[in-house]
Amino acid sequence: MITKDEIFGYTPDKKYQTSVAYFSMEFAVDQALKIYSGGLGFLSGSHLRSAYQLKQNLIGIGILWKYGYYDQARDSEGLMKAEFIRKEYAFLKDLGFVFQVSVHDAPVHVKAYLLPPETFGTAPLILLSTDIDENDELSRSITHCLYDPNEATRIAQSIILGIGGATLLDLLGLEPDIYHMNEGHSVPLNFYLLDKFKSLAELKKRVVFTTHTPEMAGNESHSYVLLKEMSFFYHLQDTEVRKMLGMQSDRFNYTLGALKFSRKANGVSKLHGEVARQMWGKSPDICEITSITNAQNNAYWSDTDLNAAFADNDDGHVIAWKKEMKRSLFKIVADQCGKLFDENVLTIVWARRFAGYKRAGLIMKDWGRFTRLLEQTDYPIQLIWAGKPYPEDNDSIDQFNQIMIKTRPFKRCAVLTGYELALSAMLKKGSDVWLNNPKLYHEASGTSGMTAAMNGSINLSMPDGWVPEFAREMDNCFLIRPAPGTISEEEKDILENRNLMDLLENVIMPMYYRNQDQWLSIMKQAAKDIFPVFESARMADEYYMKMYSS
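Residues numbered from 1 in each chain as written. Predicted model: local features only at pLDDT ≥ 70, side-chain atom pairs only at ≥ 80, totals over all residues. Heavy atoms only, no water.

J.: Give a description of the overall build of the chain that names residues and reports values.
T.: Helices and strands together make up the secondary structure of the chain, namely 22 helices and 19 strands. What you see for the chain is a C-alpha radius of gyration of 24 Å, in line with the 24 Å of a compact globule of 550 residues. For the chain, the spread of C-alpha atoms along the principal axes amounts to about 70 × 50 × 45 Å. Residues classed as buried in the chain amount to 62% of the 550 residues present. In the chain, the share of contacts with a sequence separation of at least 24, taken over all contacts with a separation of at least 6, comes to 73%. Approximately 20,600 Å² of the chain is accessible, and the part contributed by carbon and sulfur atoms is 49%. Averaged over its 60 positive side-chain charges, the chain has a centre that lies 3 Å from the centre of its 70 negative ones. (Helix = DSSP H or I, 4+ residues; strand = E, 2+ residues; numbered from the N terminus. Rg over C-alpha atoms; globule rule 2.2 N^0.38 Å. Buried < 20%, exposed > 50% of the residue type's maximum accessible area, 1.4 Å probe, protein only. Contact = heavy atoms within 4.5 Å. Areas by Shrake-Rupley, 256 points an atom, 1.4 Å probe, with all protein chains shown as cover. Lys, Arg positive; Asp, Glu negative; His and termini not counted. Charge placed at Lys NZ, Arg CZ, Asp CG, Glu CD.)

Written out as structure tokens, the structure reads:
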């Protein structure tokens, strides 16, 4: 059996002696390891990187997805399609044993793999797989696709992550001081721990929870009857669960359950912490909800040459570097879209998961004004969209394809596929402006703007998520003025489109072409203001101080 020293490969710093198991359905640690979909994975990946740099006593628990999330490709007409392609990872270490987890009252065999810390510079990460010969095809399929659309499969995935992960830790002799649920997917681990520690009070001493979802509808829930049939509650009956947690609804809500099992929980920005307390505060017997603002890892995301130019206050180098990075990005644009972009033209990027509330098409809400913006020549602009919808979200896929179709006639508009870590980095380095325009109070944190600012792309954003903690209008970013909360959603979209376009036409575009000194000042101030508050070393340390050691 592998030892803890062999798993970690480093001696934890005395400041971080509390041992932590960090459960997450996805981790984005490197382009080569495709076990993530978007923001949750980007966050957990940066957390593991900073945990390694700080030498924290933390181990990640996740799932080895055979087909990843999906590969975003194009069909014969150039529109988006999802492909599911088997992935191979020679750099993972087989831990050499198989154990069992009960799913639907039947044994499912689970194999564990280790991502050694030195491979990508992360805390150790153990990944679980059911895709092994000992299982039938149905059991093998549990770990095939991240966020499988089949309800029973999704439930089984949570069982493997939560109960399987906790079981594995015991088998390895790695019982942690703290079990950290990063989002509610791993909530079944609590039923395993309840069986182990025999009381809810003892369990609560050891469990913490991070919630990422500011919308009630986005919090996963399933019927008690189905969950009991699936062995979700381990050895408990559904009636026992309802009575113990005081949850009398017909459906078990993962987030509410996690809040009742945990000693402490956190939202992922100050604003989200307030929203989460409003959402759940009237529910009895939930834990305290504080906030720890998300952050991203500078060593992974930022460019060393640009950092040096910022440090030296070398504007000439900053300008030259930015143009070089734009040329690199535009090779991808030319390859995918057959359009030749100009590094001297203001380039705006909208790139993140495609979902309705994120409003990828807000800039084109007034189509006539949008086309005039593109056709005018005094202050030319280039626009790039990228991002992955959920593969079963037909509305978002249709939105992606409609943007692609509508912008095809314009030589300075491009929609890119393959939005993963590598393309995300290229877009941040190669853009001048990073556009973020979600519906207000719908974004829990949103971290892409942090890594954009690290790379000299100025945020143009709604004041949502992490942004209010960072933003100083016209000093380190541009802010889109929100519409009043009293009007309809359609009216909000119309007004916020108008505010966005006014800001572009009257401030951003003239400044870029006519006032380079002010532009550079905002860019440099933004990069300076990211550190250390929005760098993930602060975040990883804050989790120890506020959640693990307190």
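J.: Which residues make up the sheet that holds strand 18 (residues 458-461), and what values go with them?
T.: The sheet built from 6 strands is open, its strands ordered 16-15-14-17-18-19 with parallel pairing. Either end of the sheet is taken by a strand with one partner, and the two such strands are strand 16 (413-416) and strand 19 (478-479). As paired elements, strand 15 (residues 381-386) and strand 16 share 4 bridges and run parallel to each other. Each bridged residue has a counterpart across the sheet, and for L383 the counterpart in strand 16 is C413. Across the sheet, helix 14 (residues 315-337) is in contact with strand 14 (346-351), strand 15 and strand 16; its angle to strand 16 comes to roughly 80 degrees. Against the sheet, helix 21 (residues 516-530) contacts strand 14, strand 17 (433-436), strand 18 and strand 19, and its axis sits at roughly 85 degrees relative to strand 18. (Pairing = 2+ DSSP bridges. Axes fitted to C-alpha atoms, helices over the stretch in contact; angles between N-to-C directions.)

J.: Before we move on, can you summarise the pairing of strand 17 with the specific residues and values?
T.: The alternating pattern of strand 17 places V433 and L435 and W434 and N436 on opposite faces, both of which are buried. Pairing of strand 14 with strand 17 involves 2 bridges; the strand directions are parallel. Each bridged residue has a counterpart across the sheet, and for V349 the counterpart in strand 17 is W434. Once you follow strand 17 into helix 18 (residues 448-454) and on to strand 18, the crossover reads as right-handed. (Right-handed = clockwise from strand over helix to strand, strands pointing away.)

J.: Hey, could you go over the nonpolar core for me, with residue numbers and the actual values?
T.: Counting residues in each nonpolar core, the largest one holds 153 residues, and the members touching the most others are F252 and W385. If you look at the next biggest cluster of nonpolar residues, it comprises 16 residues, including A425, V467, F470 and A526. (Core = buried A, V, L, I, M, F, W, Y, C linked by side-chain atoms within 4.5 Å.)

J.: Could you give an account of the environment of M181, naming the residues involved and the relevant values?
T.: Here M181 shows up in strand 8 (residues 178-182). Owing to a relative accessible area of 0%, M181 belongs among the buried residues under this scheme. When the C-alpha positions of M181 and D502 are compared, they lie 43 Å apart, and in sequence the two are 321 residues distant. Apart from the residues within four sequence positions on either side, M181 is in contact with F23, S186, V187, L189, N190, V207, V208, F209, T210, A258 and S262.

J.: Please provide a residue-by-residue account of the side chain of N459, values included.
T.: If you trace the backbone, N459 turns up in strand 18. Among the polar contacts listed, one links the side chain of N459 to the backbone oxygen of G449, at a separation of 3.0 Å. Aside from chain neighbours lying at most four places away, what touches N459 is W434, G449, A453, W466, F470, C477 and F478. (Polar contact = N/O pair within 3.5 Å; in protein donor to acceptor, adjacent residues only side chain to side chain.)

J.: Can you break down the packing of aromatic side chains residue by residue, with the values?
T.: Using the criterion set out here, one finds 42 aromatic pairs in the structure. Ring plane angle 55 degrees and centroid distance 5.6 Å describe the contact between Y89 and F91, whose orientation is recorded as tilted. The class for Y89 is buried, based on a relative accessible area of 13%. By relative accessible area, which is 27% here, F91 ends up partly exposed. Pairwise contacts between aromatic rings join F191, Y224, F232, F233, F252, Y254 and F261 into one cluster. Lying across the ring of F8, K4 places its NZ or CZ 5.5 Å from the centre. (Phe/Tyr/Trp six-rings, centres within 6.5 Å; stacked < 30°, edge-to-face > 60°. Lys NZ or Arg CZ within 6 Å of the ring centre and 35° of its normal.)

J.: Requested: an account of the pairing of strand 7 (residues 125-129), with residues and values cited.
T.: The side chains of a regular strand alternate between the sheet's two faces. Burial runs high along strand 7: 5 of the 5 residues are buried. Residues L125, L127 and S129 point to one face of strand 7 and I126 and L128 to the other, with burial holding for every one of them. Examined bridge by bridge, strand 2 (residues 58-63) and strand 7 share 4 bridges and lie parallel to one another. In the sheet register, G60 faces strand 7, and the bridge partner there is L125. Two strands pair when backbone bridges link them, and strand 6 (residues 106-115) and strand 7 are joined in this way by 5 bridges, in the antiparallel orientation. Looking at the pairing, L115 lines up with L125 of strand 7.

J.: Lay out the pattern of salt bridges with the relevant residues and their values.
T.: All told, the structure shown has 32 salt bridges when counted by the stated rule. A salt bridge links E83 to K81, with the shortest nitrogen-to-oxygen separation between them at 3.3 Å. Assessed through its relative accessible area of 28%, E83 is described here as partly exposed. Taken together, the salt bridges that share partners define one network made up of R359, K439, E489, K492, D493 and E496. (Salt bridge = Lys/Arg side-chain N within 4 Å of Asp/Glu carboxyl O.)

J.: Explain the side chain of Q382 residue by residue, including any values.
T.: Topologically, Q382 is positioned in strand 15. Of the residues examined, Q382 reaches a relative accessible area of 1% and is grouped as buried. Among the polar contacts made by the side chain of Q382, one reaches the main-chain amide nitrogen of D342 at a distance of 2.7 Å. Among all residues touching Q382, those that are not within four sequence positions of it are F330, F341, D342, V345, L346, T347, I348 and R412.

J.: Outline the sheet that holds strand 9 (residues 207-210), listing residues and values.
T.: Taken in spatial order, the 9 strands line up as 5-6-7-2-1-8-9-12-13 in an open sheet, and their pairing is mixed. Strand pairing shows two members of the sheet lacking a second neighbour, strand 5 (93-103) and strand 13 (288-291), which therefore form its edges. Each strand of the sheet is rotated relative to its neighbour by a mean of 25 degrees, with strand direction disregarded. Both strand 5 and strand 6 contribute to a ladder of 8 bridges, which runs antiparallel.

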